[in-house]
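# Structural overview
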Amino acid sequence: IADQTGGRMYTPKRIDDLGGAYSEIADDLRIQYRLAYNSPSRDQSRRWHAISVQIKNRPEALARTRKGYYTRT
């Protein structure tokens, strides 16, 4: 589920591992961006649309995003 939605999964084995997971989550929350797209198509078929996000001029950067979306009806 995490991969499909652009999230990450944490699997701490001990209570002492939670601090590192919380720190990573806090870092992720500080660098979030929200992107929006309005399609010119008025397709109402509720079909799957694959999406891909890439960061211009930063080939080493990774954008964690969901894999696509369904058209609203």
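Here the structure is a predicted model, which is why all the values come from computation and not from measurement.

## Observations concerning the pattern of salt bridges
Tallying each qualifying case throughout the model produces six salt bridges. With a closest N to O distance of 3.2 Å, Arg14 and Asp17 form a salt bridge. A relative accessible area of 29% means that Asp17 is categorised as partly exposed. Among the ionic pairs, Arg64 bridges to Asp28, the shortest N-O distance being 2.8 Å. In this pair, Arg64 sits in the loop between strand S1 (48–50) and strand S2 (68–70) while Asp28 sits in helix H2 (residues 18–30), placing the two residues 36 residues apart along the sequence. By relative accessible area, Arg64 is classed as partly exposed at 40%.

## A word on the side chain of His49
By the element assignment, His49 lies in strand S1. For His49, a relative accessible area of 18% gives the class buried. The contact partners of His49, leaving out residues within four places of it in the chain, are Lys67, Gly68, Tyr69 and Thr71.

Rules behind the numbers
Here the residue numbers are simple positions, counted from 1 along each chain's written sequence. A pLDDT threshold of at least 70 governs which residues receive local features in this predicted model, and a stricter bar of 80 or more applies before side-chain atom pairs are shown or counted, although totals over entire chains, interfaces and linings include all residues. Note: side-chain values were computed over all heavy atoms of the structure, leaving out hydrogens and water. Every case where a carboxyl oxygen of Asp or Glu lies within 4 Å of a side-chain nitrogen of Lys or Arg is listed as a salt bridge. Partly exposed residues are those whose accessible area sits between 20% and 50% of the maximum for their type, while under 20% is buried and over 50% is exposed, using a 1.4 Å probe and protein chains only. Numbering goes from the N terminus for both helices and strands, where a helix is a DSSP run of H or I of at least four residues and a strand is a run of E of at least two. Throughout, a contact is declared for two residues whenever any of their heavy atoms are within 4.5 Å.

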